[in-house]
Amino acid sequence: MKKTIATLAILASTQVHALAPPGPVIPKQKVCLKSYKLDDKSVQVGSCDNSYNNQSENLPLKENGCAKNQVALTVDENTIQACLPAGAVQL
Amino acid sequence: MGDRSIFWTYDEVRMKGDTQDLNKFYLTCPWLIFQFKIESPLNLELRSVIKKLESEMIDQECFEVLNQIFSQISDYPVAYCLPRKEAFGTDTHEIQEKKLNLENPQKSLEDLFPHYKSFAQNQLPAEWSWDIEQTLEFTKTKGGYDPLSLFSVLRRYHLLNDLEFNETGKLFQYLSELSSDPDKLKKSTALVLRQNHYVTVRCKEVLSAAIPISQSVKKEIEEFIEAEAGHDRIIIKGLKTINPNPEEVVVLEASTALMDLFKLIAQKNLLAFSAVVDVFERTSYRKEDPLASILKKEGMHEASRMVDIHREINDKGDHENVALKFLSAMKPVNKDYVIEAMRLAELNTLVIHQNSKMILEAIKKANN
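(A) Here's a closer look at the overall build of chain B. When helices and strands are counted, chain B shows 16 helices and seven strands. Scaling as 2.2 N^0.38, a compact globule of 368 residues should have a C-alpha radius of gyration of about 21 Å, and chain B matches this with 22 Å. With respect to the principal axes defined by its C-alpha atoms, chain B has extents near 60 × 60 × 40 Å. Expressed as a percentage of its 368 residues, the buried residues of chain B come to 43%.

See below:
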């Protein structure tokens, strides 16, 4: 008797990489970075995430989910640290 | 996922959820039956996947859930390894300069070993039965064909041949029916043990033949050879309690052909070699060796003890998946290499099945 492989298994073999890979899918995350206008009219963006501070200070949010003078950035994995709370001083 | 295999159920495997206990499942295939328990939420997910498979539906959940289940029971021969996507392996394996004659099983064995011509013509089929085209389709990956995926296919094909041709069950049945004639039973069991002894005597020589082609897995093969050393001394001890002159007991042509072929495979093709090692190392999943049971029942306690010690050492060695280690460094292989591996592995399976058949024939002939 001929030994072969079922169509369903062949389909699995061809589709395993076409479908999203198994394993946890990291949801995309949004961070809010402060933007500053410099004297030469260029824009510089801060390096810490203001999302938590926006929430704790009840700041009104723009359509992009961030407060005034902030830009929104969507990242795969949030490696950007949160900003210090307002008024905190780092010695 | 990367360079890790994703498991997928063998075609013959059926899973069923218990109707009372939501955590309980049954897995059946022609060579194995067992039950297992899994907790929430995986239990419900598996029940959903079983339904999807029954209606031939595949989605991401199927891959995730089946992979989780089969990763936990990977010691059992119940799942394919799907081909890996990312680059893997460091060792390139290709067929050696001299192409083997792989026209059909008879011609192949005859060409490789002319002195087995009549054995090949009388005992082997005229055609191959393992589907190469579908196997190539199933195992293809970037840069060739995935050796781990191929290994999982070869393992399944061997088990399917086992269902069709293995006469070990008939042999043991016949032996147990000889209990009324202790003399015949002794002679018959001595013949069986002598074949086991011959295989173990040649084990080191045959396995060592793979070292020159082993590349990065040399250490793994050497460790395996070491673990198999001395098993012949256990078998001969048992055999001597039945027949004080074991060298007088004949070694059948099927046994010599098997070991000669195994040695040639070891020299030529590491993928086929791994598949053959897997065949030799597969356990019966029994608490006692069936031959040991017969010997014990018929009062040959010492021989029974030796046979069971041998089984226990093999089981404790945890060699169920030892052959997979030999493939751990193999890069994707090309089509010629796949075809050679498949034909050699099938040839070995066909010869191994002649072993129990020819022992049974020899015993019946001697007893009539």
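(B) How the structure looks around the confidence of the model for chain A. Residue and element names in this part refer to chain A. On average, residues of chain A score 78 in pLDDT, and 80% of them reach the 70 mark or higher. Summarising per-element confidence for chain A, the mean pLDDT is lowest in strand E2 (residues 43–45) (73) and highest in helix H1 (residues 7–15) (88). Taken together, the stretch residues 22–26 has pLDDT below 50 and engages in nine contacts with residues farther than four places along the chain or on a different chain.

(C) Region of the structure containing helix H11 (residues 253–268) of chain B. All names here are of chain B. For H11, which comprises 16 residues, the first-to-last C-alpha distance of 22 Å matches the rise-based estimate of 22 Å (1.5 Å per residue) to within 8%. Those residues of H11 lying buried are Ala254, Ser255, Ala257, Leu258, Leu261, Phe262, Leu264, Ile265, Ala266 and Lys268. Residues of H11 that are buried make contact with helix H3 (105–112), helix H4 (117–123), helix H8 (182–208), helix H12 (270–281) and helix H16 (335–367).

(D) Local environment of the interface of chain B and chain A. Each side of the interface is counted separately: chain B has 26 residues, and chain A has 20 residues. Of all the elements in the fold, those that place two or more residues in the side of chain B that touches chain A are strand E1 (6–9), helix H2 (60–72), strand E5 (79–82), helix H5 (132–139) and helix H6 (147–165) of chain B.

(E) Looking closely at the sheet that holds E2 of chain A. Residues and elements named next belong to chain A. Across the sheet, which stays open at both edges, the three strands sit in the order E2-E1-E3 with antiparallel pairing between neighbours. Edge positions in the open sheet fall to E2 and strand E3 (70–75), since each of these has one partner strand only. Between one strand and the next, the sheet's axes are offset by a mean angle of 35 degrees, whatever the strand orientation. Relative to E2, strand E1 (residues 29–37) runs antiparallel, the two being bridged by three bridges. Bridging across to E2, Lys37 finds its partner in Val43.

Rules used in this analysis
- Residues numbered from 1 in each chain as written.
- Chains lettered and ligands numbered in written order.
- Predicted model: local features only at pLDDT ≥ 70, side-chain atom pairs only at ≥ 80, totals over all residues.
- Helix = DSSP H or I, 4+ residues; strand = E, 2+ residues; numbered from the N terminus.
- Rg over C-alpha atoms; globule rule 2.2 N^0.38 Å.
- Buried ≥ 20, exposed ≤ 12 C-beta atoms within 10 Å, placed from the backbone.
- pLDDT = per-residue confidence, 0-100.
- Contact = placed C-beta atoms within 7 Å.
- Expected span 1.5 Å × (residues − 1).
- Pairing = 2+ DSSP bridges.
- Axes fitted to C-alpha atoms, helices over the stretch in contact; angles between N-to-C directions.

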